[in-house]
Amino acid sequence: MSGEHGTTPPPNDPRVAAARYRVEGERPPDDAPRDTRTAAEMRAWARTAIDLAVQRGEFDDLPLAGKPLPGLAGGTVDPDWWIRGLIEREGLTGLAPPALSLRTEHQQLDDTLDALGTEAAVRAHLDDFNARIVEARRQLTGGPPVVTPTRDVDDELRRWRGRREERRAARAAAVEPTPPTRRERRALRRELRRRRRDG
């Protein structure tokens, strides 16, 4: 083999090794040690390594120790638990596929609607939400299947009105009582004086 200028490079030249790699690929050299363990021996080795790690305490105080795995709790399996967890941990917005973003929006829809002040705004929001679900079900952009149900606009408006009335009633019940009048304050002072004399 001759080099660029007609000379033969030494055998340990990195250019020779690179050329040999391009030709032969990732084949290990003939003198490389070979792993001759059987599958049973490798399983035993793995068990031993895990047992030693447990004895050293490397599995103590893991974040989810004794807790159900996220996405696998409650008897239902969320196939997108890992991407949902990543989005929540990293605070990512606008990156989720429609199946996930619509599911999250579905879970928070009552709070979103309660923040709107008029029935027209609630109706417009529900119409937009349902239209986005129908569009996402067509799977034109790919991603996981969309299982989020559409909402019945009239039912949601009825529920929105009910929640609004409950909030109004709670606010009315929480109103501070009116302060006592002068006559009531004088009567209260007389009563307190009488109790002190008698007691």
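It should be emphasised that the depicted structure is a prediction, and the values quoted were computed from it without experimental measurement.

## Observations regarding the overall build of the protein chain
Item 1. Along the backbone of the protein chain there are eight helices and zero strands.
Item 2. When the helices and strands of the protein chain are placed in sequence order, the string is α-α-α-α-α-α-α-α.
Item 3. The 199 residues of the protein chain split such that 16% are buried.
Item 4. Within the protein chain, contacts between residues at least 6 apart in sequence are counted, and of these 45% link residues at least 24 apart.

## Describing the packing of aromatic side chains
Two aromatic rings are characterised by how far apart their centres lie and by the angle between their planes.
Item 1. Counted under the stated rule, the structure contains zero aromatic pairs.
Item 2. For the cation-ring pair, R37 lies above W45, with the distance from its terminal atom to the ring centre recorded as 5.6 Å.

## Details of the pattern of salt bridges
Item 1. Taken as a whole and judged by the stated rule, the model has 18 salt bridges.
Item 2. Two residues, R123 and D154, come together in a salt bridge whose shortest N-O distance is 3.7 Å. With R123 in helix α6 (residues 119-137) and D154 in helix α7 (residues 153-173), this residue pair connects regions lying 31 residues apart in the sequence.
Item 3. Given a relative accessible area of 35%, R123 falls into the partly exposed group.
Item 4. Among the ionic pairs, R151 bridges to E156, the shortest N-O distance being 3.1 Å.

## Quick look at unusual backbone geometry
Item 1. Within the chain, D61 stands out as a residue other than glycine whose phi angle is a positive 60°.
Item 2. Positionally, D61 belongs in the loop between α2 (39-56) and α3 (81-90).

## A closer look at a positive patch on the surface
Item 1. On the surface, a cluster of positive charge is made up of R182, R183, R185, R186, R189, R190, R193, R196 and R197.
Item 2. Relative to the assigned elements, R197 resides in helix α8 (residues 182-198).
Item 3. A relative accessible area of 65% means that R197 is categorised as exposed.

## Some words on the nonpolar core
Item 1. Core analysis: the biggest nonpolar cluster contains 13 residues, and L102, L113, V122, L126 and V146 have the highest contact counts within it.
Item 2. Of all the elements in the fold, those that place two or more residues in this core are α4 (98-107), α5 (109-114), α6 and α7.
Item 3. Here this core takes five residues from α6, the largest share from any one element.

Calculation rules
Residues numbered from 1 in each chain as written. Predicted model: local features only at pLDDT ≥ 70, side-chain atom pairs only at ≥ 80, totals over all residues. Heavy atoms only, no water. Helix = DSSP H or I, 4+ residues; strand = E, 2+ residues; numbered from the N terminus. Buried < 20%, exposed > 50% of the residue type's maximum accessible area, 1.4 Å probe, protein only. Contact = heavy atoms within 4.5 Å. Phe/Tyr/Trp six-rings, centres within 6.5 Å; stacked < 30°, edge-to-face > 60°. Lys NZ or Arg CZ within 6 Å of the ring centre and 35° of its normal. Salt bridge = Lys/Arg side-chain N within 4 Å of Asp/Glu carboxyl O. Patch = residues over 30% accessible without salt bridge, like charges linked within 9 Å, V, L, I, M, F, W, Y side chains within 5 Å. Areas by Shrake-Rupley, 256 points an atom, 1.4 Å probe, with all protein chains shown as cover. Lys, Arg positive; Asp, Glu negative; His and termini not counted. Charge placed at Lys NZ, Arg CZ, Asp CG, Glu CD. Core = buried A, V, L, I, M, F, W, Y, C linked by side-chain atoms within 4.5 Å.

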